[in-house]
Amino acid sequence: MYKWTMFGVFCLAGLLSIYLILFTLPSKEEAEQEAAFEVPVRDIDAGAAETLLSQQNCIGCHGGNLEGGMGPALDKIGSTLTKEQIYRTIMNGGNGMPGFEGKISEDEVINISLYLAEKK
Ligand code: HEC
C-alpha cells in the first residue's frame, strides 16, 4: 500500500514539473521579448511631436514648456529615462498618467518618445 502511495506522489510530482516547464517557459520568453524591445531610431519630426503634445493635452499636465505641473517635468526627461521607458510610460500610463495605447498611433508614440529622449 505504502509503495503505491509513494508511486502516486512521484507521478504527481512528475506531472507538476512538466506542467511548470510547459507553462512558465513561454512567459519567460515574453519577459525577454519585452526587455529586448527597442524603440527604432528615426528622423525626429519635432513639429509633429510638439503638435501632439498640445493636441493630446500632455502640456496640460506636464506644463506648456514641459516644465512640469500636475505631472513631472519632461524638459530634461532624456537624462533620466531611456526612449524605451518613455515609450512604455506613454503607452501604458499609470500613477495619474493616462495610457495612450490605441489613442495615438504607434508611429506617433515612437516620434514623441525620440523627441523627448533628446531633451537632456
Ligand atoms: C492627466 C494628466 C497627464 C496627461 C494628460 C499626460 N500625463 Fe504624462 N504623466 C502624468 C503623471 C501624473 C505622471 C507621473 C506618473 C508616475 O509618477 O509614474 C506622468 C509621467 C509621464 C512620463 C514619465 C516621467 C517621469 O519622470 O517618470 C512621461 C514621459 C510622460 N508622462 C509623457 C506624457 C506625454 C507624452 C503625454 C501626452 C501624450 C502625457 N504624458 C500626458 C500626467 C499626465
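Scroll up for the structure.
Counting through the fold element by element, Asn-111 comes out in helix α5 (residues 106-117). Apart from the residues lying within four places of it in its own chain, the contact partners of Asn-111 are Asp-43, Ile-44, Asp-45, Ala-48 and Ala-49.

Space left empty within the atom packing is revealed by a probe, the size of a water molecule, rolled over the atoms. Estimated volume of the largest pocket: approximately 450 Å³. Looking at the largest pocket, it is lined by 25 residues, and the ones nearest its centre are His-62, Pro-72, Leu-74, Thr-89 and Met-97. Secondary-structure elements contributing two or more residues to the lining of the largest pocket are α2 (46-55), α3 (58-62), α4 (83-92) and α5. Class assignment for the residues of the lining of the largest pocket results in 17 nonpolar, eight polar and no charged.

Let us look at the side chain of Glu-84. Inspection of the secondary structure assignment puts Glu-84 in helix α4. Among the polar contacts listed, one links the side chain of Glu-84 to the side chain of Lys-83, at a separation of 3.0 Å. Contacts of Glu-84, omitting those with residues within four sequence positions, involve Phe-37, Glu-38 and Val-39.

Another aspect to go through is unusual backbone geometry. The phi angle at Asn-57 is positive, at roughly 60 degrees, despite the residue not being glycine. Inspection of the secondary structure assignment puts Asn-57 in the loop between α2 and α3. Even without being glycine, Leu-66 reaches a positive phi, approximately 60 degrees. Here Leu-66 shows up in the loop between α3 and α4.

Glancing now at the coordination of the iron atom of the ligand. The coordination sphere of the iron atom of the ligand, as far as protein atoms go, consists of His-62 (NE2) and Met-97 (SD), spread over 2.0 Å. Between the six donor atoms coordinating the iron atom of the ligand, the angles at the centre fall across 87 to 179 degrees, so the site counts as octahedral. A residue pair is termed long-range when its members are at least 10 positions apart, and His-62 in helix α3 and Met-97 in the loop between α4 and α5 qualify at 35 residues. The exposure class assigned to His-62 is buried, which follows from its relative accessible area of 9%.

On to the site of the ligand, then. For the ligand, the set of nearby residues contains 22 residues, the closest of which are Cys-58, Cys-61, His-62, Asn-95 and Met-97. Within the side chain of His-62, an N or O atom sits 2.7 Å from a nitrogen atom of the ligand. Between the ligand and Asn-95 there is a distance of 3.2 Å, counted from an oxygen atom to a side-chain nitrogen or oxygen. Under a 2 Å grid-point criterion requiring more than half of the atoms, the pocket assigned to the ligand is the largest pocket.

Right, let's get into α2. Along α2, the positions that sit buried rather than exposed are Ala-49, Leu-52 and Leu-53. One side of α2 holds all its buried residues, which, seen down the axis, span an arc of 105 degrees. Against the buried residues of α2 lie α3 and α5. In the stretch just after α2, Asn-57 is the one whose phi turns positive, near 60 degrees.

Parameters and conventions
Residues numbered from 1 in each chain as written. Predicted model: local features only at pLDDT ≥ 70, side-chain atom pairs only at ≥ 80, totals over all residues. Heavy atoms only, no water. Helix = DSSP H or I, 4+ residues; strand = E, 2+ residues; numbered from the N terminus. Contact = heavy atoms within 4.5 Å. 1 Å grid on protein atoms, 1.4 Å probe; cavity = no way out; pocket = protein on both sides within 12 Å on 5 of 7 lines; lining within 4 Å. Points joined across faces, edges and corners; volume = space filled by probe spheres on them. Nonpolar A, V, L, I, M, F, W, Y, C, P; charged D, E, K, R; others polar. Polar contact = N/O pair within 3.5 Å; in protein donor to acceptor, adjacent residues only side chain to side chain. Donors = N, O, S within 2.8 Å, 3.2 Å for Na, K, Ca; no water. Tetrahedral: all angles 85-135°; square planar, octahedral: opposite > 155°, others 65-115°. Buried < 20%, exposed > 50% of the residue type's maximum accessible area, 1.4 Å probe, protein only. Near = heavy atom within 4 Å. Sits in = over half its atoms within 2 Å of the grid points. Arc of directions from axis to C-beta.

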